[in-house]
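What follows is the residue order along each chain.
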Amino acid sequence: MASPARVDLDGNPIKPITICMIGAGGFIGSHLCEKLMAETPHKVLAVDVYNDKIKHLLEPASLPWADRIQFYRINIKHDSRLEGLIKMADLTINLAAICTPADYNTRPLDTIYSNFIDALPVVKYCSENNKRLIHFSTCEVYGKTIGSFLPKEHPLRNDPNFYVLKEDASPCIFGPIEKQRWSYACAKQLIERLIYAEGAENGLEFTIVRPFNWIGPRMDFIPGIDGPSEGVPRVLACFSNNLLRCEPLKLVDGGQSQRTFVYIKDAIEAVLLMIENPARANGQIFNVGNPNNEVTVRQLAEMMTEIYSKVSGEPPLEVPSIDVSSKEFYGEGYDDSDKRIPDMTIINKQLGWNPKTSLWDLLDSTLTYQHRTYAEAIKQAIAKPVASS
Ligand SMILES: NC(=O)c1ccc[n+]([C@@H]2O[C@H](COP(=O)([O-])OP(=O)(O)OC[C@H]3O[C@@H](n4cnc5c(N)ncnc54)[C@H](O)[C@@H]3O)[C@@H](O)[C@H]2O)c1
Ligand SMILES: O=c1ccn([C@@H]2O[C@H](COP(=O)(O)OP(=O)(O)O[C@H]3OC[C@@H](O)[C@H](O)[C@H]3O)[C@@H](O)[C@H]2O)c(=O)[nH]1
């Protein structure tokens, strides 16, 4: 019996489309490709310089979706095939970016080029060819909260008007130019403004996504195992690496910054709704996060330590964390977002989406994955120098 036709939020049947996904080999791209292959009839032209995270979707040729996904090893900085792929597709999703904070102040030029200049042709080709674009921006475009400028004990710091981040109302507050941490946020803000202007002046159909710390399996890399030993990934991978190696977790400037974390699988549901409901998503900027999962970085470290001990069966370290200064950890020019609570009004109204997974549950499944994937390799890497001496 044929499976029932899939319908959108307004009850209309969903037609299969072709998606040009740029940055498909990254963390978010790999989960989005998985979802599209397993649960939809859509085709994906997967563009990236790497494909390790989607290899399991590309091989063997007997996979049920083999004729619906094709990988193109393309650096969008300089490859004339890009326009052709955008023309072949109904929708382009641009995920490509340098997006790890350790790069923002140490490789500021690459960061600005990657997040602004390299995204320009993608926007231009979509606009000129009347193709829909879903562009990945960031919650970092909000920068610091208004409340962060009030004295520590000021009562208005507890007023949501001073910290909740709203797509259509909140200002974007960055530090001075020498704090190059904000070069990423600034480049992302300018490409958002350009896309918005293409919509206003030339009718580009666009959706902008502002992810609020999406985390889960396959995020970044474990230094010395599947990435450079001196590399500094985002916090989930940094802390996972410390836990796997039985080293104290490093709390930058005391771990006082606050974040809300959302499970990648919840967030991907929101992206699928955007893909399949263009009438509700076009012209919108969406916060995608989980306002209920807020912790300080210190609390995150404590929670991950407890969960990892349960998952691995190893007792927690006697000294589970140490404080490091941001200058020591990231170098000159680092700065930080103090607090990130997404307002959910727009995504609720347009797409009826809400995140489901608690921080405890998402860390439990993610750390189970990290342990299963890396514990043995770390053990061998640690044993190596001893064995060869
Ligand atoms: N993960 C999050 O919580 C988060 C938060 C805010 C914003 N974002 C945004 O979402 C997008 C995806 O993030 P992610 O977490 O999957 O990062 P990621 O680094 O895992 O993925 C980015 C992918 O883009 C590819 N890429 C970069 N430059 C390229 C180029 N010139 N040509 C071809 N491919 C290129 C990389 O190889 C990588 O596979 C980024 O734009 C990022 O700024 C993510
Ligand atoms: O080992 C570590 C790593 C990180 N941290 C802290 O943990 C917090 C989170 O750091 P992450 O590296 O995950 O990145 P951030 O949340 O600061 O920014 C991220 O969020 C939005 C996206 O656009 C980007 O993926 C990235 O810029 C920061 O306060 C950082 O200083 C530690 O205390 N210890």
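Everything quoted here is computed from the prediction, not taken from an experiment.

**So, the overall build of the chain**
Move 1: Helices and strands together make up the secondary structure of the chain, namely 14 helices and 15 strands.
Move 2: In terms of overall size, the chain behaves like a compact globule, its C-alpha atoms giving a radius of gyration of 21 Å where 389 residues would be expected to give roughly 21 Å.
Move 3: Its C-alpha atoms give the chain principal-axis dimensions of about 55 × 55 × 45 Å.
Move 4: A burial count over the chain gives 42% of its 389 residues as buried.
Move 5: Taking contacts inside the chain between residues at least 6 apart in sequence as the whole, the part at least 24 apart equals 79%.

**Topic: the packing of helix 8 (residues 235–244) against helix 11 (residues 297–312)**
Move 1: Packing of helix 8 against helix 11 brings their axes to within 11 Å, and their N-to-C directions diverge by 45 degrees. Classified by the interaxial angle, the pair formed by helix 8 and helix 11 is oblique. Between helix 8 and helix 11 lies a crossing whose hand is right-handed. Contact residues: helix 8 offers Val-235, Phe-239 and Leu-243, while helix 11 offers Val-297, Ala-301, Met-304, Thr-305 and Tyr-308.
Move 2: Of the residues in the contact of helix 8 with helix 11, the class split is 7 nonpolar, 1 polar and no charged.

**Some points on unusual backbone geometry**
Move 1: Residues Glu-59 and Pro-60 are joined by a peptide bond in cis, for which omega reads -5 degrees.
Move 2: By secondary structure assignment, the location of Pro-60 is in the loop between helix 2 (55–58) and strand 3 (69–73).
Move 3: The phi angle at Arg-218 is positive, at roughly 70 degrees, despite the residue not being glycine.
Move 4: Mapped onto the secondary structure, Arg-218 falls in the loop between strand 8 (214–215) and helix 8.
Move 5: Exposure remark for Arg-218: the 22 C-beta atoms within 10 Å place this residue in the buried category.
Move 6: At Asp-220, a residue that is not glycine, the phi angle is positive and equals roughly 55 degrees.
Move 7: As for its position among the elements, Asp-220 is in the loop between strand 8 and helix 8.

**A short note on the site of ligand 1**
Move 1: Within the structure, ligand 1 sits among 24 residues, and Gly-23, Gly-26, Ile-28, Ala-97 and Cys-99 are positioned closest to it.
Move 2: Element by element, the count of residues in the shell around ligand 1 is highest for helix 1 (residues 27–39), at 3 residues.
Move 3: Of the residues belonging to the shell around ligand 1, the class tally is 13 nonpolar, 8 polar and 3 charged.

**Concerning the site of ligand 2**
Move 1: Near ligand 2, the surroundings consist of 17 residues, among which Thr-138, Arg-234, Val-235, Cys-238 and Val-252 are the closest.
Move 2: Put simply, the parts of the chain that give the shell around ligand 2 at least two residues each are helix 8 and strand 9 (249–252).
Move 3: Among the elements that line the shell around ligand 2, the one with the most residues is strand 9, at 3 residues.
Move 4: Of the residues in the shell around ligand 2, the class split is 8 nonpolar, 4 polar and 5 charged.

**A word on the sheet that holds strand 4 (residues 91–94)**
Move 1: Taken in spatial order, the 7 strands line up as 3-2-1-4-5-7-12 in an open sheet, and their pairing is parallel. Bordering the open sheet on either side are strand 3 and strand 12 (284–288), each of which pairs with just one other strand. Between one strand axis and the next, the sheet turns by 15 degrees as a mean value, whatever way the strands run.
Move 2: The pairing of strand 1 (residues 18–22) with strand 4 spans 4 bridges and is parallel. If you follow Ile-22 over to strand 4, its bridge partner there is Asn-94.
Move 3: This element, helix 1, spans strand 1, strand 2 (43–48) and strand 3 of the sheet and lies at about 165 degrees to strand 2.
Move 4: Contacting strand 4, strand 5 (132–136), strand 7 (206–211) and strand 12, helix 9 (residues 264–276) runs over the sheet at an angle of about 175 degrees to strand 7.

**Describing the confidence of the model for the chain**
Move 1: Averaged over the chain, the pLDDT score is 97; the fraction of residues at 70 or greater is 98%.
Move 2: Both confidence scores are given for the complex: pTM 0.98, ipTM 0.99.

**A closer look at helix 7 (residues 182–202)**
Move 1: Its 21 residues give helix 7 an end-to-end C-alpha distance of 29 Å, which sits within 8% of 30 Å, the value for a rise of 1.5 Å per residue.
Move 2: In this structure, the buried residues of helix 7 make contact with helix 4 (101–104), helix 5 (108–115), helix 6 (120–128), strand 5 and strand 7.

**A short note on the environment of Glu-376**
Move 1: By the element assignment, Glu-376 lies in helix 14 (residues 359–388).
Move 2: The spacing of Glu-376 and Phe-329 is 47 residues in sequence and 27 Å in space, taken between C-alpha atoms.

**Side note on the environment of Ile-134**
Move 1: Structurally, Ile-134 is set in strand 5.
Move 2: Here Ile-134 is in contact with Leu-91, Ile-93, Thr-207, Val-209 and Met-274, once residues within four sequence places are set aside.

**Considering helix 5**
Move 1: When helix 5 is considered as a whole, its buried residues turn out to be Thr-111, Ser-114 and Asn-115. For helix 5, the angular spread of the buried residues around the axis is 85 degrees, confining them to a single face.

**Comments concerning the pairing of strand 4**
Two faces make up the sheet, and in a regular strand the side chains alternate between them.
Move 1: Burial along strand 4 is two-sided: the residues Leu-91 and Ile-93 and Thr-92 and Asn-94 are all buried.
Move 2: Both strand 4 and strand 5 contribute to a ladder of 4 bridges, which runs parallel. Looking across to strand 5, one finds that Thr-92 is bridged to Leu-133.

**Notes on the environment of Leu-45**
Move 1: With respect to the secondary-structure elements, Leu-45 resides in strand 2.
Move 2: Discounting chain neighbours no more than four positions away, the residues touching Leu-45 are Thr-18, Cys-20, Met-21, Gln-70, Tyr-72, Leu-85, Met-88 and Ala-89.

How each quantity is defined
Residues numbered from 1 in each chain as written. Chains lettered and ligands numbered in written order. Predicted model: local features only at pLDDT ≥ 70, side-chain atom pairs only at ≥ 80, totals over all residues. Helix = DSSP H or I, 4+ residues; strand = E, 2+ residues; numbered from the N terminus. Rg over C-alpha atoms; globule rule 2.2 N^0.38 Å. Buried ≥ 20, exposed ≤ 12 C-beta atoms within 10 Å, placed from the backbone. Contact = placed C-beta atoms within 7 Å. Axes fitted to C-alpha atoms, helices over the stretch in contact; angles between N-to-C directions. Parallel < 35°, antiparallel > 145°, perpendicular 65-115°, else oblique. Left-handed = near helix turned anticlockwise from the far one by under 90°. Nonpolar A, V, L, I, M, F, W, Y, C, P; charged D, E, K, R; others polar. Near = placed C-beta within 6 Å. Pairing = 2+ DSSP bridges. pLDDT = per-residue confidence, 0-100. Expected span 1.5 Å × (residues − 1). Arc of directions from axis to C-beta.

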